[in-house]
Amino acid sequence: MTSLTDLGVARIRDGVRDGAFAAREVAEAFIAAIEQARALNAFTVETPEHALAAADAADAARGSGDLKPLSGVPLGIKDLFATKGVQTTAGSRILADFRPTYESTVSGNLLAAGAGMLGKLNMDEFAMGSSNETSAWGPVLSPWRRSDGGNVPLTPGGSSGGSASAVAARLAPGVTGTDTGGSIRQPAAFTGITGIKPTYGRCSRWGMVAFASSLDQAGPMARNVRDCAIMLQAMAGFDPKDSTSLDLPVPDWEAAVSSDVRGKRIGIPKEYRIDGVPAEIDRVWEHGIALLRDAGAEIVEVSLPHTKYALPTYYIIAPAEASSNLARYDGVRYGRRVQPEQAKGPGALTDMYEATRAAGFGAEVKRRIMIGTYVLSAGFYDAYFNQAQKVRALIARDFDRAWESCDLLLTPTAPSAAFALGEKSADPIAMYLNDVFAVPASLAGLPAISVPAGLDDQGLPLGLQLVGRALDEQGVLNAALALEERVGFTARPEAWW
Ligand code: GLN
């Protein structure tokens, strides 16, 4: 018998509607699974009472025929989203005691659609990282293990590491993630799940703790493409409280999702074939190409000539924006304050700022603030920040030109499978290299999804990425569904936690 925690978003929604089970049973099953999986450190706070209240409301609504699109579906919320009355830390000590008095638009949209909240999900501090190791609350463990029997603890990826682990370990049918330079897609790839970053502006950033505002986008992570479509539909929409929110209707992505890709032109960017990437990544990529060709798509080689500048461009722009956004944590308005004892006189305020920020931020966040303030400084602004903005425009133009000969791009999501905790944490550049395939679509604001596409020699999941034109989430979802159906990925981690 399938247990309730094996069900995804669509099956829970439909089962509750059809009376196959009660929403309360579903919520209780996930709450129990979360309690048993604390070793994974996926949640920063559990909110069973919230999930149960929403479940009871769903069961009552069923009786009165008032069901909403996500009635009965309990979800996990990344700790970057402000949740009213519920601790919101963004993975940082500086926000340890922060209980927002408001709800972020995206989490509010999900709750308004009838979803319940199982808890807040652990993440890299301020979403800066690719392994969840920069969290002030300790790393999240991946439920996956290498097949060599060594039992080395692996990263679920980052920054949405708690989100990814929770879905892969069946602690939630779906979760929110955020993606600034790959933080939905890379953890999805590492844990054998599906995650989509929509077009920049589809989801409101209001109430989402800011990292790099011109790049940050919310998106869903779930078991499959359909579940992502359902969740994204509930999350997206125009929000007058976010000046970069797109004032466009939200399409019915679920209704139109189809694996028919006949006649679609799938571009394979030649610059994504980079040295040093393991042969298994290439093998999975070739397999994905063959599957889409068999499905009737036309495969074309394309060129994105500025790809090699994407990573350095991202690692100038993201820290620059972060240094500005994080200036708000000054120990005055909200969050933690550290008051040095001897601080008196004219320098006292500065002493307080310094003590607060020194104690409140972790090493990676401090590194980004220093890089960001450096590239924005009067002497270096033109050489770094301004130059990076120009290169960003060239990278976006590469995609515009590619769309003349193709409709979608297919690439690997990440250059490796999940790595071990500690393997890259001492070397920031090695860590940043993880984002090589993810950041170009972020810089161009394009929709991109990661779908599980196979296993490596150690039995670990590998993902493929599909990138589409701005606003073509439907095209991305449809090609992803074609891959999902043809890959037939059924592997799941064996429970050891
Ligand atoms: N790994 C990237 C970084 O550290 C991307 C993070 C993200 O998308 N939030 O900046």
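Before going into details, it helps to say that this report is about the structure given with it.

Definitions and cut-offs
- Counting restarts for each chain, with residues numbered from 1 along the sequence as it is written.
- In keeping with the predicted nature of the model, local features appear solely for residues at pLDDT of at least 70, side-chain atom pairs appear and are counted solely at 80 or more, and the whole-chain, interface and lining totals rest on all residues.
- Neither water nor hydrogens contribute to the side-chain values; these are computed over all heavy atoms in the structure.
- Under the scheme used here, helices are H or I runs from DSSP no shorter than 4 residues and strands are E runs no shorter than 2 residues, and both carry numbers assigned from the N terminus.
- A 3.5 Å cut-off defines polar contacts: any pair of N or O atoms within that distance qualifies, except that in protein one atom must be a possible hydrogen donor and the other a possible acceptor, and neighbouring residues in sequence count only when both atoms are side-chain atoms.
- Contacts are residue-level and defined by heavy atoms, with any inter-residue pair within 4.5 Å sufficient.
- A cavity here means a set of points on a 1 Å grid, drawn over the protein atoms and nothing else, where a 1.4 Å probe fits but cannot get out; a pocket is an open set with protein on both sides within 12 Å along at least five of seven lines, and a residue lines either one if it has an atom within 4 Å of a point.
- Grid points are joined across faces, edges and corners, and a volume is the space filled by probe spheres set on the points.
- Charged means Asp, Glu, Lys or Arg here, nonpolar means Ala, Val, Leu, Ile, Met, Phe, Trp, Tyr, Cys or Pro, and polar covers whatever is left, Gly included.
- Nearness is defined per residue: one heavy atom within 4 Å of the molecule or strand is enough.
- Think of it this way: if more than half of a molecule's atoms are within 2 Å of a pocket's grid points, that molecule is in the pocket or cavity.
- Salt bridge, as used here: a side-chain nitrogen of Lys or Arg that lies within 4 Å of a carboxyl oxygen of Asp or Glu.
- Throughout, exposure labels follow a simple rule: accessible area from a 1.4 Å probe, protein chains only, divided by the maximum for the residue type, with under 20% read as buried, over 50% as exposed, and the rest as partly exposed.
- One requirement defines pairing of two strands: DSSP has to find at least two bridges between them.
- In this analysis, rings of Phe, Tyr and Trp, with Trp reduced to its six-membered ring, are considered paired at centre separations within 6.5 Å, and the interplanar angle assigns stacked below 30 degrees, edge-to-face beyond 60, and tilted for intermediate values.
- Charge-over-ring contacts are defined here by two conditions on Lys NZ or Arg CZ: a distance within 6 Å of the ring centre and an angle within 35 degrees of the ring normal.
- For every element, the axis is a line fit to its C-alpha atoms; helices are fit only across the contacting stretch, and the angle between N-to-C directions ranges from 0 to 180 degrees.
- Should an angle fall under 35 degrees it is taken as roughly parallel, and over 145 as roughly antiparallel, whereas 65 to 115 is taken as roughly perpendicular and any remaining angle as oblique.
- Remark: nonpolar core denotes a set of buried residues (Ala, Val, Leu, Ile, Met, Phe, Trp, Tyr, Cys) joined through side-chain atoms within 4.5 Å.

### Brief notes about the side chain of Thr83
Here Thr83 is to be found in the loop between strand 2 (74-78) and helix 4 (105-112). Within the structure, Thr83 has its side chain in polar contact with the side chain of Lys120 (distance 2.7 Å). Not counting residues up to four positions away in its chain, the partners in contact with Thr83 are Ile77, Thr88, Pro100, Tyr102, Glu103, Ser107, Met117 and Lys120.

### Comments concerning empty space enclosed by the protein
For the structure shown, the criterion picks out five cavities of 30 Å³ or more. In this structure, the largest cavity spans a volume of roughly 80 Å³. Its residues assigned to classes, the lining of the largest cavity shows five nonpolar, seven polar and two charged.

### A closer look at the site of the ligand
In the vicinity of the ligand lie 15 residues, with Thr180, Gly181, Ser183, Tyr314 and Arg368 positioned nearest. Here an oxygen atom of the ligand and a side-chain polar atom of Tyr314 are 2.7 Å apart. At a separation of 2.9 Å, a nitrogen atom of the ligand approaches a polar side-chain atom of Asp435. If you map the ligand onto the pockets, it falls in the largest cavity.

### A few points about the pattern of salt bridges
Using the criterion set out here, one finds 23 salt bridges in the structure. Residue Asp56 pairs with Arg24 through a salt bridge whose shortest N-O separation is 2.7 Å. Of this pair, Asp56 sits in helix 3 (residues 48-64) while Arg24 sits in helix 2 (residues 23-36), and the two are 32 residues apart along the sequence. We classify Arg24 as partly exposed; its relative accessible area is 31%. For Arg273, the salt bridge is made with Glu286, and the minimal N-O distance between the two is 3.1 Å. Of this pair, Arg273 sits in the loop between strand 7 (265-269) and helix 9 (279-294) while Glu286 sits in helix 9, and the two are 13 residues apart along the sequence.

### Notes on the pairing of strand 6 (residues 217-222)
Summarising burial for strand 6: six of the six residues are buried, a large majority. In the sheet, strand 4 (residues 174-179) pairs with strand 6 via six bridges, with the strands oriented antiparallel. In the strand pairing of strand 6, Thr178 is matched with Ala218. As paired strands, strand 5 (residues 194-197) and strand 6 are joined by two bridges and run antiparallel to one another. For Thr194, the partnering residue across the bridge sits in strand 6 and is Ala222.

### Re unusual backbone geometry
Omega for the bond connecting Gly158 with Ser159 falls within 30 degrees of zero, at 5°, which places this linkage in the cis form. Considering the arrangement of structural elements, one finds Ser159 in the loop between strand 3 (116-121) and helix 5 (161-168). Its identity is not glycine, yet Asn41 carries a phi of approximately 60°, on the positive side. Relative to the helices and strands, Asn41 is located in the loop between helix 2 and strand 1 (43-46).

### Quick word on the packing of aromatic side chains
For the structure on display, the rule yields 14 aromatic pairs. Taking 6.0 Å as the distance between ring centres and 70° as the angle between the ring planes, the aromatic pair formed by Phe126 and Phe361 counts as edge-to-face. Placement of Phe126 in the loop between strand 3 and helix 5 and of Phe361 in the loop between helix 11 (348-360) and helix 12 (363-376) is noted, with a sequence separation of 235 residues between them. Taken together, the ring pairs connect Phe126, Tyr329 and Phe361 into an aromatic cluster. Of note, Lys241 hangs over the ring of Trp206, and the distance from its end group to the ring centre comes to 4.2 Å. Residue placement shows Arg273 over the ring face of Trp285; its charged tip is 4.5 Å from the ring centre.

### Structural notes on the packing of helix 9 against helix 16 (residues 473-487)
Interaxial distance between helix 9 and helix 16 falls to 10 Å at its minimum, and their mutual angle equals 105°. Relative to helix 16, the element helix 9 is oriented roughly perpendicular. Listed contacts from helix 16 to Gly288, Leu291 and Leu292 of helix 9 are Ala479, Ala482, Leu483, Arg486 and Val487. Class assignment of the residues belonging to the contact of helix 9 with helix 16 gives a composition of six nonpolar, one polar and one charged.

### Considerations on the nonpolar core
Residues Leu70, Phe126, Leu171, Leu292, Phe399 and Leu410 are the most contacted members of the largest nonpolar core, which totals 153 residues. Of all the elements, helix 10 (residues 310-325) adds the most residues to this core, at nine residues. Sequence-distant contacts of Leu410, that is, excluding residues within four places in its chain, are made with Ile266, Gly267, Ile268, Pro269, Trp285, Gly288, Ile289, Leu292, Leu464, Gln465, Leu466 and Leu483.

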